[in-house]
Amino acid sequence: MTRLNIKSLLANVEKPARYVGNEINSVVKSITDDTIRFAWCFPDLYEIGMSHLGSLIMYHLLNEQDNIFCERCYTPAADMEEAMKHEGMPLFTLETKTPVKEFDMIGFTLQYELSYTNILHMLTLANIPLLKKDRTKKDPLVIFGGPCAYNPEPLADIADLVIIGEAEEVMLEVLDCYKKHRSDKDIFLEKAAAIQGVYVPSFYEFDYKEDGCIEAIVPINEKTPLIIKKRIIKNLDESYFPEKPLIPFLNVVHDRATIELFRGCIRGCRFCQAGIIYRPVREKKPETLAKTAKNIIANTGYEELSLTSLSTSDYSALKVLTEDLTNSFAQNRVGLSLPSLRLDNTTMDILKEVQKVRKSGLTFAPEAGTQRLRDVINKGITEEDLLLAVKNAYEAGWNQVKLYFMIGLPTETMVDVEGIFDLVVRLEHEVYHKRDKQHTHPLKIGVSVSNFVPKPFTPFQWVPQNSMSEFRAKHRFLKEKFRTKKSIQFNYHDADTSILEGVFARGDRRLSPVLLKAYEKGCKFDGWAEHFKMDKWKEAFHECGVDMDFYTLRERHENEVFPWEHIDVQVTRQFLFREYERALLEKTTPHCLAQCSACGYQQTGAGGLCP
Amino acid sequence: MMIRAKYTKKGDLVYLSHLDLVRLFERSFRRAGVPLAFTQGFNPHPIISFAAPLSVGISSEAEYFDVVLSELMTAEQFIFAMNKTLPEDIQILQAIQLDEKPTNGLMQEAALMVYSVAFSLEHPLQNGILTEAIDKLTNQSEVIIQKKGKEGSGKSNKRFGKRKRMKQVDILPYIHAFTLTKDEDIFVELLLEIKVFDQATIKPLLIFNKWIEMAGLSVVSDSVFIERKEILKVDKDQHYISILQSN
Ligand code: SF4
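Residues numbered from 1 in each chain as written. Chains lettered and ligands numbered in written order. Predicted model: local features only at pLDDT ≥ 70, side-chain atom pairs only at ≥ 80, totals over all residues. Heavy atoms only, no water.

Engineer: Looking at this structure, how should I read the packing of aromatic side chains?
Structural biologist: Given two aromatic rings, one states the distance between the centres and the angle between the planes to describe the pair. Residue and element names in this part refer to chain A. Enumeration over the complete set of coordinates arrives at 37 aromatic pairs over all chains. Seen in terms of ring centroids, Phe-550 and Tyr-551 are 5.1 Å apart; in terms of plane orientation they differ by 90°. Their pairing is edge-to-face. When its relative accessible area of 16% is taken as the criterion, Phe-550 is described as buried. Cluster of aromatic residues (ring-pair linked, three or more members): Tyr-150, Phe-457, Trp-462, Phe-562, Trp-564, Phe-577 and Tyr-580. (Phe/Tyr/Trp six-rings, centres within 6.5 Å; stacked < 30°, edge-to-face > 60°. Buried < 20%, exposed > 50% of the residue type's maximum accessible area, 1.4 Å probe, protein only.)

Engineer: Where do I start with the site of the ligand in this structure?
Structural biologist: Lining the immediate surroundings of the ligand are 10 residues, of which Cys-592, Cys-596, Cys-599, Gln-602 and Cys-610 of chain A lie closest. In terms of residue class, the shell around the ligand is built from 7 nonpolar, 2 polar and 1 charged. (Near = heavy atom within 4 Å. Nonpolar A, V, L, I, M, F, W, Y, C, P; charged D, E, K, R; others polar.)

Engineer: What is the right way to read the side chain of Arg-4 of chain B from this model?
Structural biologist: Inspection of the secondary structure puts Arg-4 of chain B in strand β1 (residues 2–9). One polar contact links Arg-4 of chain B to Glu-109 of chain B, side chain to side chain, over a distance of 3.1 Å. (Helix = DSSP H or I, 4+ residues; strand = E, 2+ residues; numbered from the N terminus. Polar contact = N/O pair within 3.5 Å; in protein donor to acceptor, adjacent residues only side chain to side chain.)

Engineer: Is there a simple way to explain helix α16 (residues 468–483) of chain A in this structure?
Structural biologist: For the α-helix, the turn length of 3.6 residues means that residues three or four positions removed from each other point alike. All names here are of chain A. Across its 16 residues, α16 extends 22 Å between first and last C-alpha, which sits within 8% of the 22 Å expected from 1.5 Å per residue. Listed in full, the buried residues belonging to α16 are Met-468, Phe-471, Lys-474, His-475, Leu-478 and Phe-482. The buried side chains of α16 occupy one side of the element, clustering within an arc of 135° when seen end-on. Projecting away from the buried face of α16 at angles above 90 degrees are the exposed residues Ser-469 and Arg-476. (Expected span 1.5 Å × (residues − 1). Arc of directions from axis to C-beta.)

Engineer: How should the pattern of salt bridges be read in this particular structure?
Structural biologist: Per the stated rule, a full pass over the model turns up 58 salt bridges over all chains. Linking Asp-176 of chain A and Lys-180 of chain A is a salt bridge whose minimum nitrogen-to-oxygen distance equals 3.9 Å. With Asp-176 of chain A and Lys-180 of chain A both in helix α7 (residues 167–180) and 4 residues apart, the pair spans about one turn of that helix. Looking at Asp-176 of chain A, the relative accessible area reads 36%, which means it is partly exposed. Under the relative-accessibility criterion, Lys-180 of chain A is labelled exposed at 61%. In this structure, the salt-bridge partner of Asp-255 of chain A is Arg-23 of chain B, at a minimum N-O distance of 3.5 Å. Placement of the pair is Asp-255 of chain A in the loop between β9 (228–229) and β10 (257–260) and Arg-23 of chain B in helix α1 (residues 18–32), with the two residues belonging to separate chains. You can call Arg-23 of chain B buried: its relative accessible area is 15%. Residues joined in a network through salt bridges with shared partners are Asp-255 and Glu-303 of chain A together with Asp-20, Arg-23, Arg-27 and Arg-30 of chain B. (Salt bridge = Lys/Arg side-chain N within 4 Å of Asp/Glu carboxyl O.)

Engineer: Would you explain the domain arrangement of chain A in this entry?
Structural biologist: All names here are of chain A. By domain assignment, chain A separates into domain 1 (7–229), domain 2 (256–358 + 569–611) and domain 3 (361–453 + 464–510). Here domain 2 and domain 3 have C-alpha centroids that lie 23 Å from each other. Summed over the shared surface of domain 2 and domain 3, the result is 1 salt bridge. Note that Arg-372 is salt-bridged to Glu-586, the shortest N-O span being 3.1 Å. On inspection of domain 2 and its partner domain 3, the count reaches 6 residue pairs in polar contact (both at pLDDT 80 or more). (Domains from an automatic or database assignment.)

In structure tokens, the structure reads:
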């Protein structure tokens, strides 16, 4: 085993603490011949990777196991990369400074499509061949998981194995299987492919039609399952959650303790992939959460605890839980943060109580500017809700509100785009012109507009994405409008990156070579505006003979075979199409608690709140 | 009441910035169950102040902070509780109770910084050459270096940051002691005591680099290891005394 001495690298790099490890609650184990060494690789900077809850859970879960040692690795920043190359040092893990190449397995979590080139970058820095077919028995196995892994096809040529669904249980099964078949990679992959939630891309072949669409997805032999079913944790309440989590020294993006209230979402917003792939809703008990939360604060000393989920207001015991936690944390001034809120009255009351300790900014996500379009996307928020919420927040003393919108949603016209501006202006007017003498502080309104990217496993998986010129025209229009409103801070997301994200979100394995080509041309850190190189990407697509528009601008046929057809999230395609049709009719669908819309889960008996 | 504590910062933790360190202590207080007093307002903070921040990459055996507690705690209890939860490379060495806030903050009290500077020479030198080189520097009438000043007051914007003007400083008034403490083969160690005037001082590396340049010495790159050994304050008679001692 090699342990690199990285001291000489650290003298001249920015934030050397990114690379030294040794954080409080980090794990170092002794290594024997039996130890399975797993390198958890996050394809972005330390500050981003250390903010990801799933990675934290998996890091501690794997290290709880006797024969497994999981170490971490993040993408080095450009200055560190320089220094490593200069000294001829390969990519190493934080815990023991071992070259990543010496590990049994390396796992990448796929959180966003724009991090894919960083995966190639990290493999390259580790001296590991990029393509699965070029790797030998001596190289580590390369494993992917995370939300983007539900359509892992663009990475098919790179992956050895992909985890579909929630990883806690299946990962341990995979490692158990590895323990038994460590000596033979091929046998291991064959055995692992039989585990529910494991996908081995090299065991499938794709046939294409003349028009470029997929003809068929064919398993290479009878032993290979036809369909790969996602995994979920049935009993989330009893599932592992780290109570002594790592505490970064650096100020990372989410620098606070976190507990997870539930998985899944009852809402069914039609643009939202998380709302489908994490179905069904599974809550943890408030007693479990309170105990976990108190232990985490005692073990970390964090000054803030975040209660996360896809829609925190929908947690059935939110009031009880927040009361309990606010009381026990008041003395030590530990604040609670509640992201992803719907701003109904009950939530506002809870929020007022919680934020007596520490006040943070408020965010609302109406997503669309008109009621018509909000009905299309099934975002059950009315203008009255929103006006009331903002007014309430203002009167309760908040002085900062952020509003999130999307442009490019299906059926959108310029009326809807203008609707964003009109809605924001009405909100501001409501607060300012009706305020009385008691409330005179200014209200800062921030408006943030992102570009809609159609995602697999959503009712909008069939729709074309807006073109670059459509996005740009809408940006220009809004920018012009908001220019007259100096009091409102208007921000929008760059169209280039949203389009590339759109290509990879619904892409197939013909994109693997493009990815390699783009990386060769110097693309990496694509999620960072200052590093993104659209011209290089265009060259790469062109040279590989792959048309971006084929993936983004095409309305897909109802029965088209999608690249993710063999992945089963247990929500039926019929349901998704039904929802798509209802969207076009501007009809809303009730949420799961009001009425089950038979998305497919009701038949699986998988637990959660489903009938 | 208040606790004044002396602590170390070593090993990998020398790479923490001052803000990282503040955060680390704030969280360690909570883990250790130290009863903290907090500032008022929407974003309550513990009331803690540090003596002269240390540059990133420099090791130290003597750092200091003051922290205000909401309940009584003995120095021994404080040290025990904190050291159990602090990382190995940051440990409390000593602590004292202060009944009330000192009239001068901890920052203002620091008057002398004591450093050791260890390095390796490319080639061994004859006896006496290094001492001569030191004398040569200290016997000048002035030794001017370029130093980054405070942020300029000129035009600035968020994107480009504020310009820090370079200014010229004579380092000699800052040097209280500059002596050779080890000279064996190529391994050399210096003791460098640097004064603080109105919270302004000179980084040891700047003095060291200037000396190397003036003496024309060739030093193995990356071999320089600087460690802060002590921070002292002055008493009524202008003697340097420990920060933990009462005036
Ligand atoms: S089965 Fe019904 S209740 Fe369950 S997630 Fe689907 S629609 Fe919601």
